[in-house]
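# Structural characterization, general
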Amino acid sequence: FLLAGIFANFLAPYGFNQTFVFPRLNPPSAGCILGADNLGRDLLSRVIYGARVSMYVGLGAAAISTVLATIIGMLSGFFGGKTDLILQRFVDAFMCIPALFLILTIMAIVGPGMWQVVIVLGLLGSIGSSRVIRSAVMGIRMNIYVEAAKSIGCPTWRILVRHILPNIMAPIIVLFTIGMGAAIIAEASISFLGYGIPAPQPSWGG
């Protein structure tokens, strides 16, 4: 799907918004494998170009979500105490609200668009994911090498970057891959409801 999105210009037989190529609502045929929509646009071409849009949204939202989740989780898990208590109460408050309801509410305020979808999905996806990072950091911060780094006077930022971050890369990679799929499905859901990628740009949800 990623390669199909990258090379959509070469793979798609027609432009994604090339109208009246075929009769409107044309059934599948040799020249129009998936048929045509109500404007006579080739549906196969729109599906291929829609892969590009969905990959943009998936990669962008997953990257934003993973970075923010890593920062929140590392701060919460490493410092503990009041810092952890305050951050986790905000996380609890956000997780109490149904995700789709929250996404649709924010999208209704900011308006439809690709970058709006990427940013909103990235920000909201990071909140729940930070719990996983927090748990991983809490399991690592008690290790002897972290205590040794503290005892020789290593600054906190160095401990986080050099000793904590490399040891939590496994859950970070898993969160990124899961977040990419979740973002594509969420984009499809809100585009289907009219709050995602605006027409005539094709997306799988639209």
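Residues numbered from 1 in each chain as written. Predicted model: local features only at pLDDT ≥ 70, side-chain atom pairs only at ≥ 80, totals over all residues. Heavy atoms only, no water.

## Focus on the packing of helix 5 (residues 99–110) against helix 6 (residues 114–140)
Using the following cut-off: Lines are fitted to the C-alpha atoms to define the axes, a helix being fitted only along its stretch in contact, and any angle between axes, read from their N-to-C directions, falls within 0 to 180 degrees. Each helix is a run of DSSP H or I of at least 4 residues and each strand a run of E of at least 2, with the numbering of both proceeding from the N terminus. Definitions for this section: a left-handed crossing has its near helix turned counterclockwise from the far helix by less than a right angle. A right-handed crossing has that turn clockwise. Note on contacts: a residue pair qualifies if any of its non-hydrogen atoms lie within 4.5 Å across the two residues.
As a packed pair, helix 5 and helix 6 sit with axes 11 Å apart at the nearest point and diverge in direction by 145°. In this structure, helix 5 meets helix 6 at a crossing whose hand is right-handed. Counted together, Leu102, Ile103, Ile106, Met107 and Val110 of helix 5 and Gln116, Val117, Val120, Leu121 and Leu124 of helix 6 form the full contact between these two elements.

## A few points about the pattern of salt bridges
Short version of the rule: Each salt bridge in this description consists of a side-chain nitrogen of Lys or Arg and a carboxyl oxygen of Asp or Glu lying within 4 Å of one another.
Throughout the structure, instances matching the rule amount to four salt bridges. When the shortest N-O distance is used, the salt bridge between Asp37 and Arg41 registers 2.8 Å. Across the pair Asp92 and Arg131 runs a salt bridge, and its minimum N-O distance is 2.0 Å. In this pair, Asp92 is assigned in helix 4 (residues 81–95) and Arg131 in helix 6, connecting sequence segments 39 residues apart. Ionic contacts of the salt-bridge type, sharing partners, join the residues Arg89, Asp92 and Arg131 into one network.

## As for the environment of Ala63
Along the chain, Ala63 turns up in helix 3 (residues 43–79). Taking the C-alpha atoms as reference points, Ala63 and Phe176, separated by 113 residues in sequence, lie 6.8 Å from one another.

## Here we look at helix 9 (residues 169–192)
Applicable threshold: Take the residue count of a helix, subtract one, and multiply by 1.5 Å to get its expected span. Accessibility here uses a 1.4 Å probe with only protein chains present; expressed as a share of the type maximum, an area under 20% marks a residue as buried, one over 50% as exposed, and anything in between as partly exposed.
The end-to-end C-alpha distance of helix 9 is 34 Å, a good match for the 34 Å that 24 residues give at a rise of 1.5 Å each. Residues of helix 9 that are buried: Ile172, Leu175, Met180, Ala183, Ile184, Ala186, Glu187, Ile190 and Ser191. The secondary structure elements touched by the buried residues of helix 9 are helix 3, helix 5 and helix 6. Looking one or two residues beyond helix 9, the residue adopting positive phi is Gly194, at roughly 90°.

## A few points about the packing of aromatic side chains
Where we set the bar: Classification of ring pairs uses Phe, Tyr and Trp, with its six-membered ring standing for Trp, and accepts pairs whose centres are within 6.5 Å; under 30 degrees between planes counts as stacked, over 60 as edge-to-face, and the remaining range as tilted.
Summed over the entire model, instances satisfying the criterion amount to five aromatic pairs. Taking the centre distance of 5.3 Å and the plane angle of 70° together, the rings of Phe1 and Trp204 count as edge-to-face. Of this pair, Phe1 sits in the segment before helix 1 (2–6) while Trp204 sits in the segment after helix 9; the two residues are 203 residues apart in sequence, bridging distant segments of the chain. Residue Trp204 is classed as partly exposed on the basis of its relative accessible area of 34%. Taking 5.4 Å as the distance between ring centres and 85° as the angle between the ring planes, the aromatic pair formed by Phe78 and Phe79 counts as edge-to-face.

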